[in-house]
Amino acid sequence: MRSSKEIMEKTEKFGAHNYHPKEIVFETAEGVVITNPEGEKFYDMLSSYSALNFGHRHPELVQAAKDQLDKVTLTSRAFYNSVLGDWMEKLCELTGKDMVLPMNTGAEAVETALKAARKWGNFVKGVEDGKQEIIVCSSNFHGRTIAIVSMSTDPDARKGYGPFTPGFKVIEYGNADELKNAINENTVAFIVEPIQGEAGVIVPPEGFLKKSLEICKENNVLFIADEVQTGFARTGRMFACEYEGVIPDIYVLGKALGGGIIAVSAIAGNKDILGVFKPGTHGSTFGGNPLGAAVSLKAMEILVRDNYPKMAEEKGNYFMSKLKEINNDDIVEVRGKGLFVGVEFKENAAPYVKKLIENGVLAKETHDKTIRFAPAIPITYEEIDDAIEKIKKVFSK
Ligand SMILES: *Cc1c(COP(=O)(O)O)cnc(C)c1O
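All values reported here derive from a predicted model rather than from experimental measurement. (Residues numbered from 1 in each chain as written. Predicted model: local features only at pLDDT ≥ 70, side-chain atom pairs only at ≥ 80, totals over all residues. Heavy atoms only, no water.)

**Some words on the sheet that holds strand 9 (residues 250-253)**
Pairing between the strands of a sheet is mediated by backbone hydrogen bonds and can be parallel or antiparallel. Within the open sheet, the 7 strands sit side by side as 4-10-9-8-7-5-6. Their pairing is mixed. On the outer flanks of this sheet lie strand 4 (99-103) and strand 6 (168-171), each paired with one strand and no other. Recorded for the sheet is a direction-independent mean angle of 20 degrees between the axes of neighbouring strands. Of the strand pairs in this sheet, strand 9 and strand 10 (residues 265-269) are connected by 4 bridges, and their pairing is antiparallel. Along strand 10, the bridge assignment pairs Val-252 with Ile-267. Packing against the sheet, helix 4 (residues 84-95) makes contact with strand 4, strand 9 and strand 10, and its axis sits at approximately 120 degrees to strand 4. (Pairing = 2+ DSSP bridges. Helix = DSSP H or I, 4+ residues; strand = E, 2+ residues; numbered from the N terminus. Axes fitted to C-alpha atoms, helices over the stretch in contact; angles between N-to-C directions. Contact = heavy atoms within 4.5 Å.)

Right, dumping it as structure tokens:
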């Protein structure tokens, strides 16, 4: 058996250094627990940025993958496959939308939403092609492509990548008045995360989403919710927009949609919007592949059958109440919704993260000062209690 050290050294030697991973190697994993090559166990409290809402290797998802592996894995969209229609129907049912368009990664789904909005703006709203504008929020995270980093306000995400894609306007996250003022006759869409994940689990002021939706409706502007990280029960609702009764024009979905096994992403919207796509105008070789569709279909069935939103809400409330009991003057705030929780510190949180890992709890600081806790939704109360004991030990002074 190779040691963690050897494995990490090889990874650093041959891989570009676009990540700075914590020094833990996953050898095997089950549920919320991972095991390293030395046989030590850790709680996974990051869950691959919420792609692992079902936990590692949920038995029914593994079985769905195995069953589909024995049938057919890839067809491309040049042909039909026997799973995709069922998957589409299920995702339409969950989102309440007419149509979906499958891709693979979250960034591809965001790109698809931007393309849908620009085309809709030109074909339906009548904005001159090339003049379409899309409004974005400060501190957003929507992915890593050139167009998407063109929307970013994070210098690390942008530096050296110019020239950028034009047509984006930034407003302050949480400020609906700024949204109103930013809209003009060429505005086609507003894209927003209902809770900002990468920015540090930032919950916007209550009413922001609802007010933004109203402003969009008044001005014939599409409201696009990027629920790639918040979607599929993470926050205690199937979609985080539900907290304000907001039904977006376009849902952008990914991460947990693939059940933690395979990259599956999509946008969902009604015919008047997704109908702008005609054959040859957009696509993806792997998008809608039967392996991804089979796993994802099973994942959506489990979400509903086991009432994941309720599980996340109840366990999240319990978990957050325990975190709030911790006495440490360095903690500025414990915030979040459901099992999407951020603990913000006065200063850099990396030393706390290091100690958490030494004590068997995997987490990562985001934007220096906030530690995000987002365990798999099937985590048991015993596991929460055990993890809380360890977290308390590290956080208490
Ligand atoms: C992770 C994330 C994305 C990008 O997804 P990838 O699969 O990494 O491309 C987009 N939007 C949000 C809100 C995300 O959290």
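**Observations regarding the site of the ligand**
Every residue lining the ligand is accounted for by Thr-105, Gly-106, Ala-107, Phe-141, His-142, Gly-143, Glu-193, Asp-226, Val-228, Gln-229 and Lys-255. Contacts to the ligand include Gly-106, whose backbone N or O atom sits 2.9 Å from an oxygen atom. The side chain of Lys-255 places a nitrogen or oxygen atom 2.7 Å from an oxygen atom of the ligand. For the shell around the ligand, the per-class residue count stands at 3 nonpolar, 5 polar and 3 charged. (Near = heavy atom within 4 Å. Polar contact = N/O pair within 3.5 Å; in protein donor to acceptor, adjacent residues only side chain to side chain. Nonpolar A, V, L, I, M, F, W, Y, C, P; charged D, E, K, R; others polar.)

**Overview of a negative patch on the surface**
Among the surface-exposed residues, Glu-382, Asp-385, Asp-386 and Glu-389 lie close enough to one another that they form a single negatively charged patch. Here Asp-385 falls in the partly exposed class, since its relative accessible area comes to 32%. (Patch = residues over 30% accessible without salt bridge, like charges linked within 9 Å, V, L, I, M, F, W, Y side chains within 5 Å. Areas by Shrake-Rupley, 256 points an atom, 1.4 Å probe, with all protein chains shown as cover. Salt bridge = Lys/Arg side-chain N within 4 Å of Asp/Glu carboxyl O. Lys, Arg positive; Asp, Glu negative; His and termini not counted. Charge placed at Lys NZ, Arg CZ, Asp CG, Glu CD. Buried < 20%, exposed > 50% of the residue type's maximum accessible area, 1.4 Å probe, protein only.)

**Some details on the domain arrangement of the protein chain**
Partitioning the protein chain into structural domains gives domain 1 (4-57 + 328-395) and domain 2 (60-305). Distance from the C-alpha centre of domain 1 to the C-alpha centre of domain 2: 26 Å. On the side of domain 2, 27 residues touch domain 1, which itself brings 24 residues to the contact. Around 2,000 Å² of area is buried between domain 1 and domain 2 when both sides are counted, 63% of it from carbon and sulfur atoms. On the domain 1 side of the contact with domain 2, Phe-54, Lys-337 and Phe-340 bury the most area, a combined 36% of that side's loss. (Domains from an automatic or database assignment. Buried area = accessible area lost by both parts, 1.4 Å probe.)

**Structural notes on unusual backbone geometry**
In this structure, the amide linkage connecting Gly-162 to the following residue, Pro-163, adopts the cis form with an omega of -5 degrees. Tracing the backbone shows Pro-163 in the loop between helix 7 (155-158) and strand 6. A positive phi is found at Arg-57, a non-glycine position, where the angle reads about 50 degrees. Mapped onto the elements of the fold, Arg-57 is located in the loop between helix 2 (47-50) and helix 3 (59-69). Positive phi is not limited to glycine here, since His-367 has a value of about 45 degrees. On the secondary structure map, His-367 appears in the loop between strand 14 (364-366) and strand 15 (370-373).

**As for helix 11 (residues 290-305)**
With 16 residues, helix 11 should reach 22 Å at 1.5 Å per residue; the first-to-last C-alpha distance of 22 Å fits that figure. Where burial is concerned, most of helix 11 is hidden: 12 out of the 16 residues are buried. Turning to helix 11, its buried residues are Pro-290, Leu-291, Gly-292, Ala-293, Ala-294, Val-295, Ser-296, Leu-297, Ala-299, Met-300, Ile-302 and Leu-303. Near the N-terminus of helix 11, the side chain that reaches the backbone nitrogen of Leu-291, with its oxygen 3.2 Å away, is that of Asn-289. Asn-307 sits one or two residues past helix 11 and shows a positive phi near 50 degrees. (Expected span 1.5 Å × (residues − 1).)

**Things to note about the nonpolar core**
As a rule of thumb, soluble globular proteins bury nonpolar side chains together. Core analysis: the biggest nonpolar cluster contains 69 residues, and Trp-87, Phe-373 and Phe-395 have the highest contact counts within it. In this structure, this core is formed jointly by two domains, domain 1 (4-57 + 328-395) and domain 2 (60-305), each of which donates at least three residues. With near-sequence residues (within four places) excluded, Phe-395 lies in contact with Ile-326, Asn-327, Asn-328, Ile-331, Val-343, Phe-345, Tyr-352, Leu-356, Ile-371 and Phe-373. Membership of the second largest hydrophobic core comes to 29 residues, among which are Ala-117, Val-127, Val-276 and Phe-277. (Core = buried A, V, L, I, M, F, W, Y, C linked by side-chain atoms within 4.5 Å.)

**Re the sheet that holds strand 1 (residues 28-30)**
The 4 strands are arranged 1-2-3-13 in an open sheet whose pairing can be described as mixed. Strand pairing shows two members of the sheet lacking a second neighbour, strand 1 and strand 13 (361-362), which therefore form its edges. Summarising the sheet, strand 1 and strand 2 (residues 33-35) pair through 3 bridges and their orientation is antiparallel. Each residue of the ladder has a partner; that of Glu-30, found in strand 2, is Val-33. In the packing of helix 14 (residues 381-395) onto the sheet, the strands contacted are strand 2, strand 3 (41-44) and strand 13, and the crossing angle to strand 3 comes to about 100 degrees.

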